[in-house]
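# A look at the structure
Residues per chain, in single letters:
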Amino acid sequence: MTGPMAVVTIDGPAGSGKSSTARAVARALGYRHLDSGALFRAVTLGLLRSGIPEEEWSEVKLAQLEEMKIELVPSGTRFDVEMDGIVVDRELRSPDVTRRVPGVATIPAVRDWLLRRQRAAAKGGGVVVDGRDTGTVVFPDAAVKVFLTAGIEERARRRLLQDEGAEPPTRRDVRREAERLADRDRQDETREIAPLRRPEGAIEVDTTGLSFEEQVARVVEAVRGWG
Ligand code: DC
């Protein structure tokens, strides 16, 4: 890729395909994918490992966050998340972490610290970052902002198929998962800190009727149009 390298943000609700799209867009452009959710998950893992009682997490201090030694390490078209010099990946998606991360994501000290880490990693551009507030709060001046959406049943189906070794979901499974996602959407949209909303100037891509390749192509075209 020649020419200037953009910062590209991809926000959207749970199950809209943000991370897989961001990863593929980064590969197509020779950019690097920054998964901001992985950072929130790493802090959650760090808090679990720290032995700090969960009731005290909301009071966590900057020094305690620094002690976790969470680093974003460039690696091909992605950033690895390292803790104490060791790459963490699968550990970030354990049920213990997944259950606690929405609460951790509402702690102001955590958001503030991660905001600075994300900006430092994206300095110089050439980064595709996905999350909930990357186009609104973290990178309000990003060159290209995308808001990904999809119908709720479609998102539920995708979520269920994502689970390892998953059988094709029944209609009942899909309906139940859709209800869970609707709850999660309400939480994400109404929380006081960094609520999920469409960033100003964002391109909205509704992926309900699109193939994965098509949705990736839409974003790639938008970035090429910019550069
Ligand atoms: O996308 P994910 O499931 O890995 O996100 C994990 C959690 O982090 C989820 O509860 C939302 C939160 N999050 C956030 O608040 N802001 C971001 N930019 C990314 C994730």
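That block above? That's the structure.
Note that the structure is predicted; figures quoted are calculated from it, not measured.

### Let's talk about the environment of Gly76
Structurally, Gly76 is set in the loop between β3 (70-75) and β4 (78-83). Judged by relative accessible area, Gly76 falls into the exposed class, the value being 58%. Separated by 60 residues in the primary sequence, Gly76 and Thr136 place their C-alpha atoms 27 Å from one another.

### A word on the site of the ligand
Around the ligand lies a shell of 13 residues, among which Ser36, Arg41, Arg111, Asp133 and Arg191 are the nearest. Between the ligand and the protein, one listed contact pairs a nitrogen atom with a side-chain N or O atom of Ser36 at 3.0 Å. At 2.8 Å from an oxygen atom of the ligand is found a side-chain nitrogen or oxygen belonging to Arg41. Coverage of the ligand by the protein amounts to 95% of the 450 Å² it exposes when considered alone. For the shell around the ligand, the elements supplying multiple residues, two or more each, are α2 (36-50) and α4 (95-104).

### Focus: the packing of aromatic side chains
By the definition in use, this model includes 0 aromatic pairs. Between Arg32 and the ring centre of Phe79, over which it is positioned, the NZ or CZ distance is 5.9 Å.

### A few points about the pattern of salt bridges
The full count for this structure, using the stated rule, is 15 salt bridges. For Asp133, the salt bridge is made with Arg111, and the minimal N-O distance between the two is 3.0 Å. Here Asp133, found in the loop between β6 (127-131) and α6 (134-138), pairs with Arg111, found in helix α5 (residues 108-121); they are 22 residues apart in sequence, far enough to count as distant. Comparing Asp133 with Arg111 shows no difference in burial state: the two are buried. Look at the salt bridges and you will find they share partners, linking Glu54, Asp96, Arg99 and Arg100 into a network.

### A short note on the pairing of β6
Of all the 5 residues making up β6, 5 are buried; the element is thus mostly covered by neighbouring parts of the structure. Across 4 bridges, strand β2 (residues 32-35) lies against β6 in parallel orientation. For His33, the partnering residue across the bridge sits in β6 and is Val128.

### Some points on the nonpolar core
Counting residues in each nonpolar core, the largest one holds 37 residues, and the members touching the most others are Leu34, Val43, Leu47, Ile70, Val81 and Val110. Every element with two or more residues in this core is listed here: α2, β3, β4, α4, α5 and β6. Considering each element in turn, this core owes the most residues, 7 residues, to α2. When residues no more than four places from it in sequence are discounted, the contact partners of Val110 are Phe40, Val43, Val60, Leu65 and Val104.

### Topic: the environment of Leu65
By the element assignment, Leu65 lies in helix α3 (residues 62-67). The sequence separation of Leu65 and Val174 amounts to 109 residues, and the corresponding C-alpha distance is 38 Å. Those residues in contact with Leu65 that lie beyond four places of it in its chain are Val43, Val60, Ala109, Val110 and Trp113.

Here is what the cut-offs are and how they apply
Residues numbered from 1 in each chain as written. Predicted model: local features only at pLDDT ≥ 70, side-chain atom pairs only at ≥ 80, totals over all residues. Heavy atoms only, no water. Helix = DSSP H or I, 4+ residues; strand = E, 2+ residues; numbered from the N terminus. Buried < 20%, exposed > 50% of the residue type's maximum accessible area, 1.4 Å probe, protein only. Near = heavy atom within 4 Å. Polar contact = N/O pair within 3.5 Å; in protein donor to acceptor, adjacent residues only side chain to side chain. Areas by Shrake-Rupley, 256 points an atom, 1.4 Å probe, with all protein chains shown as cover. Phe/Tyr/Trp six-rings, centres within 6.5 Å; stacked < 30°, edge-to-face > 60°. Lys NZ or Arg CZ within 6 Å of the ring centre and 35° of its normal. Salt bridge = Lys/Arg side-chain N within 4 Å of Asp/Glu carboxyl O. Pairing = 2+ DSSP bridges. Core = buried A, V, L, I, M, F, W, Y, C linked by side-chain atoms within 4.5 Å. Contact = heavy atoms within 4.5 Å.

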